[in-house]
Structure formats: C-alpha cells, structure tokens
Amino acid sequence: MPATVIPAEQRLLQGNVACAEGALAAGCSFFAGYPITPATEIAEHLARELPPRDGVFIQMEDEIASVAAIIGASWTGAKVMTATSGPGLSLMQENLGYAVGTETPCVIVDVQRGGPSTGIPAVPSQSDMVQVARGSHGDYETVAFAPSSAQEMFDLTVRAFDTAERLRTPVFLLADAAVGHMREIVTMPAQACAGVNRRVASVADNGAARFLDEQVAPMPLFGRGLKAHVTGSCHDEAGMRNVVDAEALDHYVRRLSGKIRRVRDDLVEVASGDTEDAEIILVGWGLVGRAAQAIATRARQQGQRVGWVRPITVWPFADVELVSLCREAKRVLVLENNMGQMLPYVQAAVGRYSEVDGLSPRILGALHRPTDVLEAMAA
Amino acid sequence: MTTTTATHPMAKYLRPGSEVTTFCPGCGDGVIAHSVLRAIDADGADMDDFVFVCGIGCAGWIPSPYFNADTLHTTHGRTLAFATGVKLAKPQTQVVVISGDGDLTAIGGNHLIHAARRDLDLTVICVNNRIYGMTGGQVAPTTPEGVKTATTPYGAEGRPFDLCRLVEAAGASYVARWTTAQPRFITRSVQRGMAHKGFAFIEVMTQCPVQFGKLSGEGSAVHMHEIMADRSVTLRQAEALDPADLPDKWVVGELVGATNVGKD
Amino acid sequence: MEPYRREIRIAGFGGQGVVLAGIVLARAGMLDGRQVVQNQSYGAEARGGGARAEVILADGPILYTDVLHPDVMLVMSQLACNKYGQDLATDGQLIIETELVSDVPIALQDRASGAPFTQMAQDTFERAIVANMVALGYCVGRTEVVTRESLIRAVEELVPAGTAELNLAAVAAGWELAPVPGLVHGSMSGPLPPLAGSASVVELDAS
C-alpha cells in the first residue's frame, strides 16, 4: 500500500507543539510525563492527540515514573517519548542509564530552564548539555540534537525517533525554552514520514544476540514467545546477568559505547557558514547558534571576516567537524546561554589551532546582544 | 540437584540453566516462586502471555532469571512504574509484579500508592521479609519497632507499615495477606489476583533467617515458620480478639475484594 | 538595502489577552506572506503579573529572534510602559491604553498615541475582555504592520469558537479610531489625554 499522501502544509506552531506533532509524525504511540514548565505544552498536545489515534497518554506521579513507564511500553514495541525540563531530567537520570544498559529505544525531550534547583521555570537556559551526556552513572554514550527553530523542533523530533529506533538507545532533544515557546511557521511534510522501525528478534533466530551487538541486536520484544530477560545489571548477549566478573562489565560498557561510536559520523550534523576565510568564528548551539549566525552575518556585512558554526548534533560532540571548520581561524568565540558548557569541549578540540574563549549573554536567559558580541570580537 | 529439579512438576516453568538458585538456606523466596508457578499451572496459563516485572532486592530474583518468560528486572523501587508502561501499552498482557517490601514500599512507595489509586490491572506479590536482606540487614519501613538492625543498633523507631491497609486506602480492589506457612493460600490468591480486573495486591510475609531471624532473635527458618503460623489469624478470629492483642497478630486472608474476583 | 523587518512588542498584565493579540498579529503576518517569529513571556507572569508578547515580521529568514528595539510597542499598563518604553526604536511608535498609562516619558511623547481601549470595549460591547482586539485594531490601523484582510482572517481563525463576530467588531472599532498612519496627532474619535506636563512625567524623566 502506498504511503498516505498529505499535502504540504504551513502552520504557525509553537515549538513545543511542533515537537509533539513531530512525535506523532514519527509514529509515537505512547507518552508518559509529568507537568513542568517550560515543557508542559508537549504533554498537553499529546494528551489530546494520542487517544484518538489509539495511542496512550498518561500523566505519571513523577518524572522517575514517567521514564520508567515509557521504557516498559517500549519493550512491548511502542515508539515512546517523554518531555521534561532540568529538574525532571535530574530525577530521570537513573532510569535513563537503565534505558542505555537495556538498549531500549526512547525519546526524551528536555526543554531547558534556568537553574540550579528550581531556578526560574520560564527563563531560557542551555544548562543541561552536560547533564544529558554525563548525568547518569557509569560510562555511556549519548545522542542529543539541539533545535534552533520550531521547524527543527518538528524535524529533529522525527530524527530523534528514527535514531532511537535504529540504535536501540535513548535519544535526547535538547531545546531552549525560547524555542519551545516561540511560534514560527512550520512546513509539515508532504508525505507521511516513512519512519525507521527497530529490528525485532524472532523465535526462528533463537541463539542470536539480543543485546550488546555493536551492529545493534534485534530487540526481543515482550509477548512474542522470546522469553526476553531484560536487566539493568551487567549482562551478556543473551541478556543474562553477570554480576561477578569484571571482564563482563568491561564487555558490557565497551559494546554499548561502541554501538554509538561506530556510527558517530552519521549522527553528527553541523550547520555553518562563512568559515573559509574567517578570522573569527562564532560557535553556538540551539537558539544561540542561530543568533550567532545572525551576528556573524551582520559582522560580515560590516566588512569583518567572521564565520559561524552551529552544531545541530550536540552529542556525539562535533570535535572533528569543528577542527576542520575552525582550524584556520585566529579566534573561536563560543556563545552559550550558560556559563560555558560546550566551551571546554570546543577548547579541547580546537584549542591547539586557535584561540578559543567563551561569552555568556549579559543577562543569563536572554540572547546575546549583537553589540556585546561585536565588542567582544573587537577586544 | 539437576536430576531432582528436572523431574519437579514446576521445572518446566524455569528458565533453562537457572535451576540452582542464589537464595540463602532457609529463605522463603523458593516457596513463593513455587506458589506463583502453581497458580499459573493450575490456571493452565501460557507463560508467553505473561510479563514478570521485578525490582532490586532478593525477591526481584524470583522471576529474574528463574521464570522462563518475558521478565523486566528494573531499577530499584520503580517496578510498578515500569509495569504500568507495559500494561498500558499492551493491555492483553498478564503483568505480574514480584518484588520486596523495600523495593515496593520504601523507595517505591509513591509508585505503590499511585498504582493502587489507578486500580490498574496488575497482580502484585509483595514479598515482605521486614528487612533489607540483600544489602545485609538494614531497617525497612516494615521492620517492627525495637528490632536492632545494621542501621538501627539502638532499635528501630516508628511503627511498621500495614501494607494491606495502605493499598486498600489508596484504592486497590483486591488485597490479600498470607505467610510462607500457608503456600496453598498464596497460590489461590495469586490465581484470584490474576483473574481480578484491577489492582491485586498480595502481601506474603516471609522468613529471612540470615538477616531478620538473626537480628530479631526469631532465629532459624523453622522457628520463624512456627512464629508465622502462630501469629496468623483470620479476619473472623481477629474480630473476636482483644484489640490489645492485635498488634502481635497478622491478619491473613482476602482482606479486600474477595467478592470482586472475576468481575470487571 | 536592509531587508524588511519589523519588531512589535505588546505588553500589559495577565488577563488582558496580550499573548493572544501577539499570536493573531503573527498569524496575520504569515498570511501576508512574511516570515514570523512570535515570543511571549510565560509562567508566573501569565498568572496575574506582567505579560508580554513579541512579534517579528520579515521578508527573509529571521535569524535573530529577540526583540531589542521594537518598531511598534503597544503598552496596556503603566508598569509595561515604565519597563519597556526606553526600548522603543528611534523612529518607533508607542501606542498606549490611555486610561491605564497616564505617564509617558517626555522623550516618547511625540511618538505616542492611543485610546482608552478597555473603556471602549466595555462601553461599546459590554465586554472589557475584547480590549486587546480594540487595541490590536487600533495598532494595525495606525501602523499597517499587517494588512487588514489578514488581520480579519487571523482573528477568525484564532479567537475562541463563537466569539469571532464580537472580536472582529472590536478590531474594527479600534481600526476606525486609529489616526491616519504617519500622523502622530491626527484627528481622533476617542479622547486622548494630555501627555505632557504632569509632575510624575518629570519625575520619571529625572530618575
């Protein structure tokens, strides 16, 4: 049967709603969440839209339960998502490690807000870049995309689902609160998303690996007679626990990380412009990366040799790409709406070629003012 | 050993290669595993229709790895939240939760009351040994007042949870309590819990001679069994008792919803 | 030549429909064929404190998404005027709810105009809640940041079901009230209070 053709449509959508629509387009059929500013609109939209499509929406008792519920649902074969902000993400961390260890596809949207602690719920902040990668205990690799527009809230949500399904791993959408709340024109796809579906194990291939395959093992979903043994404890390719041998843990960690590392080049996407002859390159991610492009473009119009780089994939980190784009520049200025979370990673990658420093906005939470950035570039 | 288990009537439900358990000598978990499998056997149920969900702690090991079925061994305390996701996403699945009192009622206490409030169609077997066994005998929310544990060297403070009353108040529509001294009744309640459309909570008081028995002075598994049998009173017997004697007794039986079973 | 870009800020307090006015304006801009970005303040502010909506309209991609110096600023409270007035672009237009904003900084007075939108909404429609639409109609009538046709269509699409007629009438009333674009003190059917000379204006200016 041919895919249903939907006419291309332009809609004025809030970023959070665009994310929810992206989830539906990607085939999300299960959402569990807990209300939190500035992510709540995602849950509200899916609470309306999932039940008529035979999907499940449930508001759980907290964020720990929310991510637990989506992991449980994912093991029945559903495409699953939750959405939260920094405080909720902190609560989710143990179970996110469980999703990594059990190789459970799921999408986690983090619409970031200003902390630490309760902070100010609606003030935009890029405060969770490191948390999504290093917030759970143990060694592991993370995949995270950072949208800079309502359109990317849609597109990268679809991509997050496809990536989660392909790699059997949690994938993050790391959004600025301002992008979540901003309304912009979103072009909906002309056709239903083809969508990536996880490979599923069958009784016929009994004996084949169910876990710890760097090529991604087919998932032994529940209810198919596969006697799946799913545990967050160290386990082998069959899923059977080994909590005795250090070698088993070594194998467990290396295989899980290797699974992501081997496709690193496919995952990393970077937007950039005017870098070829640039003396100064502005680097930023999310909405700040978009502003960096605006400021670089203005500086260019004023005759300065300025370029810009916006990592769309935040994890795995775009170190190789940054080196190739920035190594000829005298200076790299990292703009972030935080006190410098991506900065050390850029320094580690590019520092041996160029002078790398960072600039926070004058008031954390707001975009950098163009005049402030132009001033910093002149310094 | 292998010869013995291979001929055991419940052996067909065990995951091949996992016949030798890691439970301590005298532990009640084997009796509970047996009682649950007997219920499945008596119903003629297919193990492939089940998902067993369990948490961290000794009781979590009852289904994982020993039951030859889909099993989800979760993070500590979040057992019911994982089970909620499985059940809602695939309602035709028979979701059975087997976990300990520490997992379900301490770290997981919030999920317990909310799962009961939703009256979600889960069968929960709460294995209550009144202590943290796996980590070496620390106080639990179910430890009786005064018992000296590894973390209450001067005696446990506060009253232990009455778990059956807790989940009843939260909305559970089938609630039963038994001890490992009444395995046939455990089997019957598990059958009835699985037939029941709603949140079925079965508390099983069990002996942990290695930790609780030693620390409380209740002693060996055999002695603990005698104590459990002696303490157990039915609802009717409890009504006839002097209220002052009740704290020393465990009311066993189907405490809530005995007449609900089989109805939607 | 600089590509077309107009920044509009609407500010007041929670309950005045400031955010809805912003969304309607953004949708109208979209119907005009422009690129749009609409931002809003949110959270506790939306529950009784200050409220703010911003719209950027442009003929090309909008890369910088914050409004720094609005070309058009509609203020529906004195607090909003005090807080944001200074941000107005050099050649920007300030539109005020004249009953709620009594003190306009001297530097802005020759760029200010307005009417008692809330009172008008109450008097004409017995519904103070449509003050936002009266103000929006006035704002668009005066500045022509979006076309009238698109504004009407956006209102029809976005106001709660069953209230389109009322809201469109409110927009039309505001539109009729607006002076001819480009004339700061054109003929007005509504009262415009004196903008200069009060002591508080001097104090505000001095501070």
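As the structure is a computational prediction, the values presented were derived from the model and not from experiment. (Residues numbered from 1 in each chain as written. Chains lettered and ligands numbered in written order. Predicted model: local features only at pLDDT ≥ 70, side-chain atom pairs only at ≥ 80, totals over all residues. Heavy atoms only, no water.)

A short note on the overall build of chain C
From N to C terminus, chain C includes eight helices and six strands. Secondary structure elements in chain C, listed N-terminal to C-terminal, are β-α-β-β-β-α-β-α-β-α-α-α-α-α. Counting over 207 residues, chain C shows a buried share of 52%. When contacts within chain C are restricted to residue pairs at least 6 apart in sequence, those whose partners lie at least 24 apart make up 62%. Accessible surface, chain C: about 9000 Å² in total, of which carbon and sulfur atoms supply 54%. (Helix = DSSP H or I, 4+ residues; strand = E, 2+ residues; numbered from the N terminus. Buried < 20%, exposed > 50% of the residue type's maximum accessible area, 1.4 Å probe, protein only. Contact = heavy atoms within 4.5 Å. Areas by Shrake-Rupley, 256 points an atom, 1.4 Å probe, with all protein chains shown as cover.)

Re the arrangement of the chains
Summarising the chain contacts, two pairs of chains touch, and the pair with the most contacts is chains A and B. The closest approach of any C-alpha atom in chain B to one in chain C is 27 Å; the two make no contact.

Re the packing of aromatic side chains
All names here are of chain B. Summed over the entire model, instances satisfying the criterion amount to twelve aromatic pairs over all chains. Ring geometry for F23 and Y66: centres 5.7 Å apart, planes at 65°, overall edge-to-face. Here the residue F23 occupies a position in the loop between helix 1 (2-7) and helix 2 (29-43), and Y66 occupies one in the loop between strand 1 (50-54) and strand 2 (70-73), the gap between them amounting to 43 residues. Here F23 and Y66 have matching classes, each one buried. (Phe/Tyr/Trp six-rings, centres within 6.5 Å; stacked < 30°, edge-to-face > 60°.)

A word on the sheet that holds strand 11 (residues 270-273) of chain A
Residues and elements named next belong to chain A. Taken in spatial order, the five strands of this open sheet run 11-13-12-15-16, and their pairing is mixed. Bordering the open sheet on either side are strand 11 and strand 16 (355-359), each of which pairs with just one other strand. Ignoring which end each strand starts from, the neighbouring axes of this sheet average 20° apart. Across four bridges, the pairing between strand 12 (residues 280-283) and strand 13 (residues 306-311) is parallel. The partner of V283 across the bridge, within strand 13, is V309. Docked against the sheet, helix 10 (residues 286-301) engages strand 12, strand 13 and strand 15 (331-335), running at close to 165° with respect to strand 13. Packed onto the sheet, helix 11 (residues 319-326) meets strand 11, strand 12, strand 13 and strand 15 and runs at close to 155° relative to strand 12. (Pairing = 2+ DSSP bridges. Axes fitted to C-alpha atoms, helices over the stretch in contact; angles between N-to-C directions.)

With respect to the environment of B:K249
Residues and elements named next belong to chain B. One can find K249 in the loop between helix 10 (235-240) and strand 8 (250-256). Separated by 21 residues in the primary sequence, K249 and M228 place their C-alpha atoms 9.0 Å from one another. Look past the residues within four positions of K249 in its chain and what remains in contact with it is D230, R231, V233 and L241.

Thoughts on empty space enclosed by the protein
Residue and element names in this part refer to chain A. Following the criterion strictly, the structure yields one cavity of 30 Å³ or more and no others. Its boundaries defined by the atoms lining it, the largest cavity holds a volume of some 30 Å³. Lining the largest cavity, in full, are V100, E141, T169, L256, S257, K259 and I260. For the lining of the largest cavity, the element with the highest residue contribution is helix 8 (residues 246-261), accounting for four residues. Broken down by class, the residue content of the lining of the largest cavity amounts to three nonpolar, two polar and two charged. (1 Å grid on protein atoms, 1.4 Å probe; cavity = no way out; pocket = protein on both sides within 12 Å on 5 of 7 lines; lining within 4 Å. Points joined across faces, edges and corners; volume = space filled by probe spheres on them. Nonpolar A, V, L, I, M, F, W, Y, C, P; charged D, E, K, R; others polar.)

Focus on the sheet that holds strand 3 (residues 50-58) of chain C
Within a sheet, each strand pairs with its neighbour through backbone hydrogen bonds, oriented either parallel or antiparallel. Within the open sheet, the eight strands sit side by side as 1(A)-9(A)-2(C)-3(C)-1(C)-4(C)-5(C)-6(C). Their pairing is mixed. The sheet terminates laterally at strand 1 (9-14) of chain A together with strand 6 (112-115) of chain C, the two strands that pair on one side only. Averaged over neighbouring strand pairs, the angle between their axes works out to 25° when direction is ignored. Taken together, the six bridges between strand 2 (residues 35-40) of chain C and strand 3 of chain C define a ladder with antiparallel strand orientation. Bridge assignment links C:Q40 to a residue of strand 3 of chain C, and that residue is C:A53. On top of the sheet, helix 5 (residues 131-143) of chain C reaches strand 4 (72-75), strand 5 (93-97) and strand 6 of chain C; it is set at about 155° to strand 5 of chain C, its chief contact.

What about the interface of chain B and chain A?
Taken together, the contacts link 29 residues of chain B with 34 residues of chain A. Interface area, chain B with chain A, both sides summed: about 2600 Å², of which 59% is carbon and sulfur. Counting across the interface, chain B meets chain A through two salt bridges. Elements represented by at least two residues in the side of chain B that touches chain A include exactly strand 2, helix 3 (79-89) and helix 5 (109-118) of chain B. (Buried area = accessible area lost by both parts, 1.4 Å probe. Salt bridge = Lys/Arg side-chain N within 4 Å of Asp/Glu carboxyl O.)

Side note on the pattern of salt bridges
Residue and element names in this part refer to chain A. What the rule picks out here adds up to 37 salt bridges over all chains. Between E279 and K330 there is a salt bridge whose closest N-O contact spans 3.8 Å. Of this pair, E279 sits in the loop between strand 11 and strand 12 while K330 sits in the loop between helix 11 and strand 15; the two residues are 51 residues apart in sequence, bridging distant segments of the chain. The exposure class assigned to K330 is exposed, which follows from its relative accessible area of 59%. Each of the salt bridges in this network shares a partner with another, and the network as a whole consists of R264, D265, D319 and E321.

So, the interface of chain A and chain C
Counting residues at the interface gives 25 residues for chain A, matched by 19 residues for chain C. In this assembly, chain A packs against chain C so that about 1800 Å² is buried in total across both faces, 61% of it on carbon and sulfur atoms. The largest share of the area that chain A buries against chain C comes from A:L12, A:R183 and A:I185, three residues that together contribute 31% of it. The interface formed by chain A and chain C holds zero salt bridges in total. Run the count over chain A and chain C and you get five residue pairs in polar contact (both at pLDDT 80 or more). Put simply, the parts of the chain that give the side of chain A that touches chain C at least two residues each are strand 1, strand 9 (183-188) and helix 10 of chain A. Counting residues per element, the side of chain A that touches chain C draws most heavily on helix 10 of chain A, which supplies eight residues. Its residues assigned to classes, the side of chain A that touches chain C shows eleven nonpolar, eight polar and six charged. Note that strand 9 of chain A and strand 2 of chain C share two bridges and pair antiparallel. Bridging from a neighbouring strand, A:R183 pairs with C:Q38 of strand 2 of chain C. (Polar contact = N/O pair within 3.5 Å; in protein donor to acceptor, adjacent residues only side chain to side chain.)

Points about the pairing of strand 16 of chain A
It is a general feature of regular strands that their side chains alternate between the two faces of the sheet. Residue and element names in this part refer to chain A. Where strand 15 meets strand 16, five bridges bridge the pair, whose relative direction is parallel. Within strand 16, the residue paired with L333 across the bridge is D357. This β-α-β element, strand 15 to helix 12 (residues 343-350) to strand 16, shows right-handed connectivity. (Right-handed = clockwise from strand over helix to strand, strands pointing away.)

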